[in-house]
Amino acid sequence: MVKKKKIIKQPSFEIGEVSVEAGTTKIIRIPFSSFPDHTDFSLNVKVIHGRHEGKRLFLSSTIHGDELNGIEVIRRVLASPLIKRLKGTLVAIPIVNLTGMFMQTRYLPDRRDLNRSFPGSETGSSASQLANTFLTEIIQRCTHGIDLHTGSNNRTNLPQVRCDFENEETLKMALVFGAPVILKAKLRDGSLREASEKVGIPSLTFEGGEALRFNENAIRSAVQGIFRVMGSLDMIPAEKCVSIKHSPIISPVSRWVRAPATGIFRTMCALGDKVLKGDVIGKVSDSLGAHSVDVVATFDGIAVGRTLLPIVYKGDALFNVAWVPDPARAEATIEELEEEADLNPALDDPSTY
Ligand SMILES: [Zn+2]
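Residues numbered from 1 in each chain as written. Predicted model: local features only at pLDDT ≥ 70, side-chain atom pairs only at ≥ 80, totals over all residues. Heavy atoms only, no water.

Novice: Explain helix 4 (residues 168-177) here, please?
Specialist: Because each turn of an α-helix spans 3.6 residues, side chains separated by three or four positions in sequence point in the same direction. When we look at burial in helix 4, the residues that qualify are T170, M173, A174 and F177. When helix 4 is viewed along its axis, its buried side chains cluster within an angular range of 100° and face the same direction. Of the exposed residues in helix 4, those oriented more than 90 degrees away from the buried face are E168 and K172. Lining the buried residues of helix 4 we find strand 7 (144-149), strand 8 (155-163), strand 9 (181-184), helix 5 (192-198), strand 10 (203-210) and helix 6 (216-232). For helix 4, the N-terminal capping position is held by N167, with its side-chain oxygen 3.0 Å away from the main-chain nitrogen of E169. Taken from the residues just after helix 4, G178 is the one with a positive phi, measuring 80°. (Buried < 20%, exposed > 50% of the residue type's maximum accessible area, 1.4 Å probe, protein only. Helix = DSSP H or I, 4+ residues; strand = E, 2+ residues; numbered from the N terminus. Arc of directions from axis to C-beta. Contact = heavy atoms within 4.5 Å. Polar contact = N/O pair within 3.5 Å; in protein donor to acceptor, adjacent residues only side chain to side chain.)

What follows is the structure, encoded as C-alpha cells:
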C-alpha cells in the first residue's frame, strides 16, 4: 500500500485579534480609533494565508486618500486565479486612509499626511495612531511590502518605482517589478518606506497615473509588477508571470522644470518623452496672445511627471525630469515597456474585459 504523503501546513497568521489558519482567507477589521458617532475607525485588511510557508507580502494603497489606482490594482491581484496557488501570505490593504478616500483628499481628518506620520504612536493624533497600527499590525508581520501611489493632486506620473538603491533586496524587487522607470529616492522622514526599511522590511513605492482617476496603463504595469515580484519571492509560480523583454530605465536623480512666467501653460512633451537640455518642452502665454514664454529643459532626461493644470504661476513645478545617460534609448525602452504592459492583460481579472 502506498502511504499518502502528509502535507505539513504552515502555522496560523496572527493579526489584530484574529488568527488566520493556513489555506484560508479572512477579511479583518483592525479598529484603532473612533468617529464622533462611536463608529469604529479601522484598518480593513484581507489576508490570504497559503497552505505552505513562504514570504509574507503586504500590498497597500490609498495612504493618500485621493490616490485611487492602487485600489483597482489590488482588486485585480486578489481576483487572479494565481492567488489560489499562493505560497506564504498576502496581506492586502486597498484603502489605508479611508476617511481621506471618502472626502477625496490626500490627508486625514487631523490634516496630517499619513505618509509623513510614521512610525506614529498609540497616543498621537489620528494619523499617528493609524501609522502606528499599520507599522505594528502590517509591516512588522510581513517580510516584504509594496505601497501603491499616483501623482499628487493635479499631477500625473509615468509608471515608476521609487527605492533606496543602497538596500540590495529592495533594488532587486524594483528591477523584477519592471515598471518603465526606477527612480532613486532617499527615504523620506515619516514615510511608510522609511518605517519599513528601519525594521528591516524591504519595501517599494510604486507611482503611476493621477489622483482621483484610474489610469489603465499604470494599473496594468502595477498588477504585472506585483506578480513578477511575487514570482521572484517564490509565492506564485514564476513561469506564470509575464516576463519583461527590457530592463527598466534607472535614474539616480530627478528635478522639476518650473514655470518661467505666470500664465496659461501648454505642454509640448508627453510622459516618457526624451528631453534634451535646451529643448522647448512647453509654452506659457497670456490669454490675449500678447506674450509667450518658452519652457526650456535644463538638463537631459526623460519626463516622468508633469502638472495637469493649464493655469500656472511663475515658479510652479511643470515637468519632473529624470536624468538618464542616453535619453533617446531610454525613450525607446520606456515605449516598449509600456506597450508590453498594455498588450499583456493575461494576469488581470478576466471580468474586467
Ligand atoms: Zn501618494
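Novice: Help me understand the sheet that holds strand 16 (residues 292-296) in this model?
Specialist: Note on sheets: strands pair through backbone hydrogen bonds, and any given pair is parallel or antiparallel. Read from one edge to the other, the open sheet built from four strands follows the order 16-15-13-18, with strand pairing classed as antiparallel. The sheet terminates laterally at strand 16 and strand 18 (311-312), the two strands that pair on one side only. Two elements, strand 15 (residues 280-285) and strand 16, share five bridges in a ladder whose sense is antiparallel. The partner of G282 across the bridge, within strand 16, is V295. (Pairing = 2+ DSSP bridges.)

Novice: Sorry, what's going on with the coordination of the zinc ion here?
Specialist: The expected angle between donors at a tetrahedral four-coordinate metal is 109.5 degrees. At an octahedral six-coordinate metal it is 90 or 180 degrees. Within the first shell, the zinc ion binds the protein through H64 (ND1), E67 (OE), E67 (OE) and H149 (ND1), at distances of 2.1 to 2.5 Å. Relative to the metal, the four donor atoms surrounding the zinc ion lie at angles of 55 to 150°, and the coordination shape comes out irregular. Overall, H149 belongs to the buried group, its relative accessible area being 4%. (Donors = N, O, S within 2.8 Å, 3.2 Å for Na, K, Ca; no water. Tetrahedral: all angles 85-135°; square planar, octahedral: opposite > 155°, others 65-115°.)

Novice: How should I be thinking about the environment of G23 in this particular structure?
Specialist: Inspection of the secondary structure assignment puts G23 in the loop between strand 2 (18-20) and strand 3 (24-34). Here G23 falls in the partly exposed class, since its relative accessible area comes to 46%. Look past the residues within four positions of G23 in its chain and what remains in contact with it is H49, G50 and R51.

Novice: Would you mind showing me how to read the nonpolar core here?
Specialist: The tendency in soluble globular proteins is for nonpolar side chains to be buried side by side. One finds V77, L90, I146, F177, I226, F227 and M230 to be the most contacted residues of the largest nonpolar core, which totals 33 residues. Mapped by element, the contributors of at least two residues to this core are strand 5 (56-61), helix 1 (69-79), strand 6 (89-93), strand 7, strand 8, helix 4, strand 10 and helix 6. Setting aside residues no more than four positions away along its own chain, I226 makes contact with L59, V73, V77, I146, L148 and F177. Grouped together as the second largest cluster of nonpolar side chains are 29 residues, I15, I93, L192 and I201 included. (Core = buried A, V, L, I, M, F, W, Y, C linked by side-chain atoms within 4.5 Å.)

Novice: So what exactly am I meant to see when it comes to the pairing of strand 10 here?
Specialist: Sheet faces and side chains relate simply in a regular strand, where the side chains alternate between the two faces. With respect to burial, strand 10 is a largely interior element, seven of its eight residues being buried. Note: strand 7 against strand 10, five bridges, orientation parallel. Its bridge partner being in strand 10, L148 is matched across the sheet by F206. With five bridges joining them, strand 8 and strand 10 adopt antiparallel strand pairing. Counterpart to R162 in the pairing with strand 10 is T205.

Novice: I tried to follow the pairing of strand 6 on my own but got confused; where do I start?
Specialist: A large share of strand 6 lies buried, amounting to five of its five residues. Judged by which residues are buried, strand 6 turns out to be covered on both faces: T89, V91 and I93 on one side and L90 and A92 on the other are all buried. Relative to strand 6, strand 4 (residues 40-49) is paired through four bridges, and the arrangement is antiparallel. Paired with V47 across the two strands is V91, which belongs to strand 6. Examined bridge by bridge, strand 5 and strand 6 share five bridges and lie parallel to one another.

Novice: When you look at the pattern of salt bridges in this model, what are you seeing that I'm missing?
Specialist: Should the charged atoms of two oppositely charged side chains come close, the side chains can pair. Going through the model one piece at a time under the given rule, you end up with 12 salt bridges. Salt-bridge contacts for D113 lead to R106; the nearest nitrogen and oxygen are separated by 3.4 Å. Judged by relative accessible area, R106 falls into the buried class, the value being 17%. Salt bridges sharing partners connect three or more residues here, namely E72, R75, R76, E216 and R220. (Salt bridge = Lys/Arg side-chain N within 4 Å of Asp/Glu carboxyl O.)

Novice: Help me understand the packing of helix 4 against helix 6, please; the structure alone is not making it clear to me.
Specialist: Axis angle and axis distance: for two packed helices, these are the angle between their axes and the distance between the axes, and together they describe the pair. Their axes nearest at 8 Å, the elements helix 4 and helix 6 cross at an angle of 125°. One way to sum up the angle between helix 4 and helix 6 is to call them oblique. Like other packed secondary-structure pairs, helix 4 and helix 6 cross with a definite hand, here right-handed. Packed against helix 4, whose contacting residues are M173, V176 and F177, the element helix 6 presents S221, A222, G225, I226, R228, V229 and S232 at the interface. When the residues that make up the contact of helix 4 with helix 6 are grouped by side-chain class, the tally is six nonpolar, three polar and one charged. (Axes fitted to C-alpha atoms, helices over the stretch in contact; angles between N-to-C directions. Parallel < 35°, antiparallel > 145°, perpendicular 65-115°, else oblique. Left-handed = near helix turned anticlockwise from the far one by under 90°. Nonpolar A, V, L, I, M, F, W, Y, C, P; charged D, E, K, R; others polar.)

Novice: For this particular structure, what's the right way to read the domain arrangement of the chain?
Specialist: It is common to give the size of an interface as the accessible area lost on bringing the parts into contact. Per the domain assignment, the segments of the chain are domain 1 (13-250) and domain 2 (254-322). Contacts between domain 1 and domain 2 engage 10 residues on the former and 14 residues on the latter. When domain 1 packs against domain 2, close to 950 Å² is buried across both sides, 66% of that on carbon and sulfur atoms. Sorting the residues of domain 1 by area buried against domain 2 places N154, R155 and T156 first, and these three jointly supply 50% of that buried surface. At the boundary of domain 1 and domain 2, one finds four residue pairs in polar contact (both at pLDDT 80 or more). (Domains from an automatic or database assignment. Buried area = accessible area lost by both parts, 1.4 Å probe.)

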